[in-house]
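If you want the building blocks of each chain, they are given just below.
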Amino acid sequence: MKRPSSTAARFASGVAVVALSAGAFSASGPAKATTGPRIPGPRTLSAKQIRQILNPTKRVHTLPRSGLRKQVAAGLSAQNSVGTAAANLLYHGGQVMSSANHAVPILWEPTTLQNGAAASVDPQYNALIQRYFSDVGGNGLYQINTQYYEVISGSQHFIVNSANMLQAIVDTSPYPAAGASCVAAGAGANCIDDTQVQAEITKVINANALPTDRSTMYFVFTSSGESQCADATDCFRTAGSNGSNFVYCAYHSFYPLNGGNVIYATMPYGANAYLNECTSLSSFPNNAASDIVLSTTSHEQMEAVTDPYLDAWWDASGAENGDKCAYNYGTMSLDGGLANEQWNGHFYSLQTEWSNATSNCVQGMPVGSLPAISVTNTSAAEGNSGTKAVPVTFTLSQASATPVSFTFSTANGTATAGSDYVAKTITKTFNAGQLSIQSSVVVNGDATNEPNETVLLKVTNANGATIATPQGTLTITNDDVVAGPSISVNDVSIAEGNSGTKTVSVTFKLSAAQATAVSFKYTTANGTASAGSDYVAKTLTKTFAAGQTTITTVIVINGDTTIEPNETILINLTNPVGATISDPQGVVTISNDD
């Protein structure tokens, strides 16, 4: 397929990043709204134009407005073969967005349009867009995508039900003068074209160090009154703009940048009068501006997930999954008949999506309808030498009629690859009907007294299944405590002196350095010396830091001129932590010098 050339300009200026709050609604929720009058369709399409709208080899893939949609559907016989395999999407060998889908909404909202008129958005618009991207992942509508896949080295890699909002950005920089495609189409001053959309995305990416990978999709939302032209023949027009050519409601495409490909969609403002032609509904759970554009946003997101580079999934007529169900809302049974989706307590009016499994448009599939892979946590004693293979078990939530494969890899938790265990990366496969398989991790034994250590067990790249637990843990338990270190104390002597005080240093030793701290308590006691008159009594907890084998303390001795025998102080060791005590008592001898 012919891919679009990069026309995006690079900008030195930055982009304002605004923290949007999903809580920017009143306690009773956003007000319900209805649309204004519909704008009648401006023209009749030829068969060639119908096919051009849904032609996946075009530079952009557009969502025709509802009036044209009827003509498009009438002109595509395979499109209407609901319930038959002939209507299904076909795989054309390209890539899908198989891993988590990270959305970046760019809300391009300057204060004025190009002609100086005020630009505006509904007060709840930005927060509702943010809320949608935060809610969509993991739900039944997105689950429909999980039946589609790409083929890598002969293996099917299915889309996973995982989507979120990576970052929301508000850019208040002015719109540029009307783009070349706008001028060629006679679309008026208030218009941007695809070249300018790409330039805006490039500016945002470079200003915020955002990714250009297959997991990230950029959505450019514009203000009320702003027209757009994908090219000189395909335009979205606002009320009052020049001409009558109004073909699309939104589109998705891609372009190369920074060594990757930027996947994006352009989303004209929902409350523009002409955009009322981008829904078949007349009332909404939130407000017209937001709900109309959220339905087109869902349409473009699901299409891009299954066909990001316009070379993966579409039917015999060129229709992608969203095209086949455009303006089809299924059963509006929620929120008093205003909504067909409820996610995290929030209501939405979103179009259905095509399912090859039923050869029809559906509102969703049960989450988990594909089997899910889990890894079981495990543990094993490390041993004192040599190696041991520790089994790791993987389970599948339900039997699959076809093989299910995934990548199993290890990573350091608190254990270190090479010294504590042998790193591993391997592809594992559940055969058809198989529910449990095993692999192993090789653990290296040692005689070092150390804390328990962990190896992370990672599950990635699932083919034919979702991943229920992407990471498990292997705990390598320490078994070297019995043969661990011991603490001893030395005996020492000191002349008492004739007056005042002096200190004597007492040394404690650990038989072997440890990876963690070792502590104990020592207490002085009378031997033949008396606390108070001959020395200062002391009780103290001492700690060997990791790697330390020698520490000291001091005992204060009182001098006198009394002729007396040598006297002794006992140093008693108790309460060891992380070691044993091999010499529980030391002796300080106070030598008489009178």
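Residues numbered from 1 in each chain as written. Predicted model: local features only at pLDDT ≥ 70, side-chain atom pairs only at ≥ 80, totals over all residues. Heavy atoms only, no water.

## Description of the overall build of the protein
Here is the rule: Put simply, DSSP H or I for four residues or longer makes a helix, DSSP E for two residues or longer makes a strand, and each gets a number counted from the N terminus. Categorising residues by exposure relies on relative accessible area from a 1.4 Å probe, with only protein chains included: less than 20% of the type maximum marks a residue as buried, more than 50% marks it as exposed, and the intermediate range marks it as partly exposed. By the convention used here, residues are in contact when the closest approach between their heavy atoms is within 4.5 Å. Each accessible area is a Shrake-Rupley estimate made with a 1.4 Å probe; only the visible protein chains count as cover when residues are assessed.
Helix and strand content of the protein: 7 helices and 38 strands. In the protein, which comprises 594 residues, the proportion classed as buried is 52%. Pairs at least 24 residues apart make up 74% of the contacts formed inside the protein by residues separated by at least 6 positions. Of the roughly 22,700 Å² that the protein leaves accessible, carbon and sulfur atoms contribute 52%.

## Quick look at the state of the cysteines
Quick reminder of the rule: To count as a disulfide, a pair of cysteine sulfur atoms needs to be within 2.5 Å.
As enumerated under the stated definition, the model contains 4 disulfides in all. Across the disulfide from C229 sits C235; the S-S distance is 2.0 Å. Measuring the twist about the S-S bond at about 105°, one finds the C229-C235 disulfide to be right-handed. At a sulfur-sulfur separation of 1.8 Å, the disulfide partner of C249 is C278.

## Some points on the sheet that holds strand 21 (residues 372-375)
So the rule is basically this: What makes two strands pair is DSSP finding at least two bridges between them.
Strand order in the open sheet formed by 4 strands is 26-23-21-28, with mixed pairing between adjacent strands. Every interior strand has two partners, whereas the edge strands, strand 26 (436-444) and strand 28 (466-467), have only one.

## As for the confidence of the model for the protein
Regions with low pLDDT carry predicted coordinates that are not meant to be interpreted in detail. Using the following cut-off: Summary of the metric used: pLDDT quantifies the predictor's per-residue confidence within the range 0 to 100.
In the predicted model, the protein carries a mean pLDDT of 83, and 83% of its residues have values of at least 70. Note that pLDDT drops below 50 for residues 1-31; the model gives that stretch 74 contacts with residues more than four away or on any other chain. Note on residues 47-52: pLDDT is under 50 here. Beyond four places in sequence and across chains, it has 11 contacts.

## Details of the sheet that holds strand 22 (residues 378-381)
The line we're drawing: Lines fitted to the C-alpha atoms define the axes, with helices restricted to the stretch that makes contact. Angles between their N-to-C directions range from 0 to 180 degrees.
Within the open sheet, the 5 strands sit side by side as 22-29-27-24-25. Their pairing is mixed. The sheet is open, and its two borders are formed by strand 22 and strand 25 (425-430), each paired with just one other strand. The average undirected angle you get between the axes of adjacent strands in this sheet is 25°. Here strand 27 (residues 453-463) pairs with strand 29 (residues 471-477) via 6 bridges, running antiparallel. Counterpart to L457 in the pairing with strand 29 is G472.

## Describing empty space enclosed by the protein
Applied cut-off: Think of a 1 Å grid over just the protein atoms. A cavity is a set of points where a 1.4 Å probe fits yet cannot get out, a pocket is an open set with protein on both sides within 12 Å along at least five of seven lines, and lining residues have an atom within 4 Å of a point. Grid points are joined across faces, edges and corners, and a volume is the space filled by probe spheres set on the points. Put simply, Ala, Val, Leu, Ile, Met, Phe, Trp, Tyr, Cys and Pro go in the nonpolar bin, Asp, Glu, Lys and Arg in the charged bin, and everything else, Gly too, in the polar bin.
On inspection of all chains with the given rule, the structure shows 1 cavity of 30 Å³ or more. Around the largest cavity, the lining residues are L63, C278, S295, T296, H299, A326, Y327, Y329 and Q351. Considering every element that reaches the lining of the largest cavity, the biggest residue donor is helix 7 (residues 288-306), with 3 residues. Class assignment of the residues belonging to the lining of the largest cavity gives a composition of 5 nonpolar, 4 polar and no charged.

## Some points on the pairing of strand 32 (residues 501-510)
Pairing analysis gives 3 bridges linking strand 30 (residues 486-489) to strand 32, with the strands arranged antiparallel. What sits directly across from I487, in strand 32, is L510. Two elements, strand 32 and strand 35 (residues 550-558), share 9 bridges in a ladder whose sense is antiparallel. From the neighbouring strand, T503 faces strand 35, where its bridge partner is V556.

## Brief notes about the pattern of salt bridges
Threshold: Any carboxyl oxygen of Asp or Glu within 4 Å of a side-chain nitrogen of Lys or Arg constitutes a salt bridge here.
Overall, the coordinates contain 4 salt bridges when judged by the stated rule. The closest approach of N and O atoms between K203 and D171, which form a salt bridge, is 3.0 Å. On the criterion of sequence distance, the pair formed by K203 in helix 6 (residues 194-208) and D171 in strand 8 (residues 169-171) is long-range, its members being 32 residues apart. D315 serves as the salt-bridge partner of K324, at 2.8 Å between the closest nitrogen and oxygen. There is no split in this pair, since K324 and D315 are both buried. One continuous salt-bridge network, built from bridges that share partners, spans D171, E200 and K203.

## Comments concerning the packing of aromatic side chains
As a reminder, the rule being used: Centres within 6.5 Å are what make two rings of Phe, Tyr or Trp a pair, Trp counting through its six-membered ring; a difference in plane orientation under 30 degrees is then read as stacked, over 60 as edge-to-face, and the rest as tilted.
Summed over the entire model, instances satisfying the criterion amount to 24 aromatic pairs. Seen from their ring centres, F219 and F221 are 6.5 Å apart, and the 25° between their planes marks the pair as stacked. Ring plane angle 65° and centroid distance 5.0 Å describe the contact between F394 and F408, whose orientation is recorded as edge-to-face. Of this pair, F394 sits in strand 23 (residues 387-396) while F408 sits in strand 24 (residues 404-412); the two residues are 14 residues apart in sequence, bridging distant segments of the chain. This pair shows no difference in class: F394 is buried, exactly as F408 is. A connected cluster of aromatic rings, assembled from ring pairs, spans Y132, F133, F219, F221, W343 and Y348.

## Some remarks on helix 3 (residues 125-135)
For helix 3, the buried fraction is high: 10 of the 11 residues fall into the buried class. Residues of helix 3 that are buried: Y125, N126, A127, L128, I129, Q130, R131, Y132, F133 and D135.

## Describing the side chain of N101
Rules: Identification of polar contacts relies on pairs of N or O atoms within 3.5 Å, with a donor-acceptor requirement for protein atoms, meaning one able to donate a hydrogen and the other able to accept it, and with residues adjacent in sequence counted only if both atoms are side-chain atoms.
By the secondary structure assignment, N101 is in strand 4 (residues 101-108). Within the local environment of N101, its side chain forms a polar contact with the side chain of Q301, the two groups lying 2.9 Å apart.

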